[in-house]
Each structure stands twice: as C-alpha cells, then as structure tokens.
Amino acid sequence: MHKTTWVELSREALRHNANMVRRLAPKAAILAMVKANGYGHGASWVAESLHQQVEGFAVARLSEAQQLRARLTKKHIQARIVQLGTSVDGAVLQACSVHGLDLVIHDLESAKLLAASPLPRPITVWLKMNVGMNRLGMSTEEFAQAHQLLCVQPHIASIHHMSHFSDAEDLDPTLTEQQSLRLSELSSSLSGSPYPLSMANSAAIIGHPNCHHDWVRPGIMLYGDDPTQRLHAANALKPVMTFKATVLALRDVAPGDGVGYNRRWQAKSNARIATVAAGYADGYPRHAPDGTPVLVNGQRASVAGRVSMDLMTIDVSHLPHTTVGDEVTLWGEGLAASEVGRYCGTISYELFTRITSRVDRIYL
Ligand SMILES: Cc1ncc(COP(=O)(O)O)c(C=O)c1O
C-alpha cells in the first residue's frame, strides 16, 4: 500500500491499558469512553477489541450510539451503550428504547418528559448530579425529584447515579473526595438505595482510589495517556495511536534562509530541512511552534517553520542519513502525544480527535 500519512492503532496497547484500568480499579465495572469516534481511534474498533474486557461503552451523541449499536449487532456483539448528556426529546427516548441504549438524564425537564413517555421497551437511565463542574447535571433537589419521578416508572429498567469530577487531575484529594461524598450521600438517602454510582474518569481512577465507586469511566488512559503524569512505571500505559508520515523532500539551506510561510524559521548556520507529508488538514496542529519534537527513524528532530495544510518542515541537520521516504513519527510510540500537546498549548485528547478522514488507519 502506498502510504504518506497514516496512523497505526495497536490493539495490544489498547487491551494492555484496559487491563491497567482493571488493575487500578479491581472492584469497579468499566464503562469505556468511545465518544468522538473512540477519541479518534475508531469507536467500533475499540468496542470490538474491548467488549470482553469491559462492561460497557459510552458516547456523547445519539448518532454515535446508533452507529455503534449497528456495528456491534452486525458482529453479534451485545454490549451496554450509554449515551452521555444530550438533549432529550420524544424521538431520542424512542431511539434509546428501540436500540437498547442507556441514557444519561442531566436535567429535571428531561426526567419529567421521560416519566410521562411510555416506551416500547424499558430503558436504563443514569441520573447525573452536578457536584461542582457546573456544566451538566442536576442540583441536589432536582436530582432527588428526578429520582422519585423515575424510580416508580415501569418503563425504567434500572437507575444508576453519576456525576463528573471537576478537578480529578489535582492529586490533593480534598476537593474530589468532597464531590464524591456529595453524590454518595444523596444517593444513599434516596428510596430504593443502594444504586450503582459512577464518577471516576482516568485521572480519578489513577489518582483517587477512594472515589472509584461502582462504575469507572476511563477515556484517555485507555488510549495511552496518563492525565496525572504520575502513574508508577510498573503500571505504565502504552500509546495506542502512532501518527506517522514520510519525508517527501530534503534540501540544504544557508545561514539566513527562511523556511515555510512567512519564513518563520530562519537558519542560523548551514542546515538540512526535511519536508514531511503531514499538515493541519491531516490533524497536525498548525500552531505547533518551532522546536516541537518529532522522531525521524526513531531519533528526535523538531519542527522548523509554520505547518501548512498538507506539509510540514523539520530540521534534520543533525541526522545526515535522513532520506526521502523515511518515516517520521509525529506522536505515539517513542514520543508521547502529551509532550507534543505541551508544545502546542493543547492536550492529547484534542490531538487524537483531530486526525482527519484522509489519514489512513492501519489497525495492528
Ligand atoms: C462524563 C465523562 N466521563 C468520563 C470521561 C472520561 O474522561 P477521561 O478521558 O479524562 O478519562 C469524560 C470525558 O470527557 C466525560 O465527559
């Protein structure tokens, strides 16, 4: 296959990371986050790879949930699919019922609508409380009211209680444990308790073992990044996605010569520039500054000049054996996406989800 710009996706790394979630949260069920096309890795590939290792999958939009259900059904895979906070109307409720999708209810209006909507098949709901993020979720009073409304409905198969931490990357447990307690205290005061509780994202799974509760919701750690940067080496995660492109051209430049649009990078001495087949239209960030690291045949080099739509330029002056056709790793195996993200003022999540459709996907 002719390749210029591609991502390699490692199933072995994905499964290793899921095992690590299990090791860190041995008593919890795992709801794997596959929203945004599995953080850019391919939602159905992730779900097919992990369905025997985890207890369910979560997506953000109804269209994502429907697509995933269709793909899994085709492969005869039954799995819990949870649709995270979205706008709820009669059509969404019907779709959840018909396709067997769990639904997060994050406001009282949706709970009222659901309570008043008979459904062909009962659905499982996850009631979401706001414990401090102030993004989605109900206040204590609304949550209790929504719960009382729904717990008596014959078309509600079961109820889970959930929330989302605002500061789980902060390894000081004070705030996260307070937020955790707000949900668990309210939940245990409601009729019919105990209910399954879910709060922990990757940072909480890694950094706050007291806050795992019954269902953990790992996202980024499944894909190989540790948002706390504190995981012990024995529990190291493996990058699932490696973004690669080939060297298309090489040229020598003289002191004072500029490279790329507006000649942002200027040679201080004789230098060798490699032009690489990746640009912002592939998902490499346009705002990557000079000095952002890449690997050429496994050795570090760096961005030199503004990233353009289809191409980027790197300084390989110290790598005299570089030739046209060589492989350049933009992030992944050997170069953490989080490090590239730090140069670019972003996080691995954004880098992963911005890989565009023209980039070849090679599933290993
Ligand atoms: C509600 C919810 N739970 C869990 C996660 C997973 O977070 P992370 O990828 O940091 O593990 C997300 C991600 O944004 C989320 O929105």
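Residues numbered from 1 in each chain as written. Predicted model: local features only at pLDDT ≥ 70, side-chain atom pairs only at ≥ 80, totals over all residues. Heavy atoms only, no water.

(A) Representation of the overall build of the protein. A count of helical and extended segments in the protein gives 11 helices and 18 strands. C-alpha extents for the protein along the principal axes are approximately 75 × 45 × 35 Å. With 364 residues in all, the protein has 55% of them scored as buried. Sequence separation of at least 24 residues holds for 66% of the intrachain contacts in the protein that already meet a minimum separation of 6. Here the protein has roughly 15,900 Å² of accessible surface; of this, 50% comes from carbon and sulfur atoms. (Helix = DSSP H or I, 4+ residues; strand = E, 2+ residues; numbered from the N terminus. Buried < 20%, exposed > 50% of the residue type's maximum accessible area, 1.4 Å probe, protein only. Contact = heavy atoms within 4.5 Å. Areas by Shrake-Rupley, 256 points an atom, 1.4 Å probe, with all protein chains shown as cover.)

(B) Structural view of the domain arrangement of the protein. Splitting the protein by domain gives domain 1 (11-225) and domain 2 (241-363). Taken over C-alpha atoms, the centre of domain 1 sits 37 Å from the centre of domain 2. Domain 1 puts nine residues into the contact, and the matching count from domain 2 is eight residues. Summing both sides of the interface, domain 1 and domain 2 together bury roughly 830 Å²; the carbon and sulfur share of this comes to 61%. The tally of links between domain 1 and domain 2 comes to zero salt bridges. For the pair domain 1 and domain 2, the interface holds two residue pairs in polar contact (both at pLDDT 80 or more). Here the residues of the side of domain 1 that touches domain 2 are counted per class, giving five nonpolar, three polar and one charged. (Domains from an automatic or database assignment. Buried area = accessible area lost by both parts, 1.4 Å probe. Salt bridge = Lys/Arg side-chain N within 4 Å of Asp/Glu carboxyl O. Polar contact = N/O pair within 3.5 Å; in protein donor to acceptor, adjacent residues only side chain to side chain. Nonpolar A, V, L, I, M, F, W, Y, C, P; charged D, E, K, R; others polar.)

(C) View of the UniProt feature "modified residue: N6-(pyridoxal phosphate)lysine" (unreviewed entry) in the protein. Sequence positions flagged by UniProt for "modified residue: N6-(pyridoxal phosphate)lysine" (unreviewed entry) are, in local numbering, Lys35. Apart from the residues lying within four places of it in its own chain, the contact partners of lysine 35 are Ala58, Val59, Ala60, Glu64 and Leu84. (UniProt positions renumbered as here; feature names shortened; annotations may be inferred.)

(D) Structural view of the layout of surface pockets. Estimated volume of the largest pocket: approximately 690 Å³. What lines the largest pocket is a set of 27 residues, among which Lys35, Tyr39, Leu84, Arg135 and His164 lie closest to the centre. Every element with two or more residues in the lining of the largest pocket is listed here: helix 2 (35-39) and helix 11 (348-353). For the lining of the largest pocket, the class distribution of residues is 13 nonpolar, seven polar and seven charged. Looking at which domains feed residues into the lining of the largest pocket, each of domain 1 (11-225) and domain 2 (241-363) supplies at least three. As a volume, the second largest pocket reaches approximately 330 Å³. Contributing to the lining of the second largest pocket are 22 residues, with Gly224, Asp225, Asp226, Leu237 and Ala336 lying nearest its centre. The set of elements that each furnish at least two residues to the lining of the second largest pocket consists of helix 10 (337-344) and helix 11. Residues belonging to the lining of the second largest pocket are distributed by class as follows: 12 nonpolar, seven polar and three charged. Split by domain, the lining of the second largest pocket shows at least three residues from each of two domains, domain 1 (11-225) and domain 2 (241-363). (1 Å grid on protein atoms, 1.4 Å probe; cavity = no way out; pocket = protein on both sides within 12 Å on 5 of 7 lines; lining within 4 Å. Points joined across faces, edges and corners; volume = space filled by probe spheres on them.)

(E) Representation of the site of the ligand within the structure. Near the ligand you find Met33, Lys35, Tyr39, Arg135, His164, Asn201, Ser202, Arg217, Pro218, Gly219, Ile220 and Tyr349, and these make up its full shell. At a separation of 2.8 Å, an oxygen atom of the ligand approaches a polar side-chain atom of lysine 35. Side-chain polar atom of serine 202 to an oxygen atom of the ligand: 2.5 Å apart, as the coordinates give it. Across the complex, the protein chains shield 91% of the 390 Å² of accessible surface that the ligand would expose by itself. With respect to the pocket detection grid, the ligand is positioned in the largest pocket. Taken together, the residues that form the shell around the ligand break down as five nonpolar, four polar and three charged. (Near = heavy atom within 4 Å. Sits in = over half its atoms within 2 Å of the grid points.)

(F) Highlighting the packing of helix 4 (residues 62-74) against helix 5 (residues 90-99). For the pair helix 4 and helix 5, the least separation of the axes is 11 Å and the interaxial angle reads 20°. In terms of their interaxial angle, helix 4 and helix 5 are classed as roughly parallel. Crossing of helix 4 over helix 5 shows left-handed handedness. Here Leu62, Gln66 and Arg69 of helix 4 lie close against helix 5, whose contacting residues are Val92, Ala95 and His99. Split into classes, the residues belonging to the contact of helix 4 with helix 5 amount to three nonpolar, two polar and one charged. (Axes fitted to C-alpha atoms, helices over the stretch in contact; angles between N-to-C directions. Parallel < 35°, antiparallel > 145°, perpendicular 65-115°, else oblique. Left-handed = near helix turned anticlockwise from the far one by under 90°.)

(G) Focus on the nonpolar core. If you look at the biggest cluster of nonpolar residues, it comprises 114 residues, and the most contacted ones within it are Tyr284, Val294, Met312 and Trp331. Ranked by size, the runner-up nonpolar core spans seven residues in total, among them Val253, Val259, Ala271 and Ala304. (Core = buried A, V, L, I, M, F, W, Y, C linked by side-chain atoms within 4.5 Å.)

(H) View of the pattern of salt bridges. One pass over the structure, following the stated rule, counts 12 salt bridges. Among the salt bridges present, the one from glutamate 48 reaches lysine 75, with a minimum N-O distance of 3.6 Å. Here glutamate 48, found in helix 3 (residues 43-50), pairs with lysine 75, found in the loop between helix 4 and strand 4 (81-83); they are 27 residues apart in sequence, far enough to count as distant. Look at lysine 75 and you get partly exposed, because its relative accessible area is 47%. Residue glutamate 339 is joined to arginine 300 by a salt bridge in which the shortest nitrogen-to-oxygen separation is 2.9 Å. Of the two residues, glutamate 339 sits in helix 10 while arginine 300 sits in strand 15 (residues 299-303), which places them 39 residues apart along the sequence. Assessed through its relative accessible area of 18%, glutamate 339 is described here as buried. Assessed through its relative accessible area of 42%, arginine 300 is described here as partly exposed. Look at the salt bridges and you will find they share partners, linking Glu8, Lys244 and Glu327 into a network.

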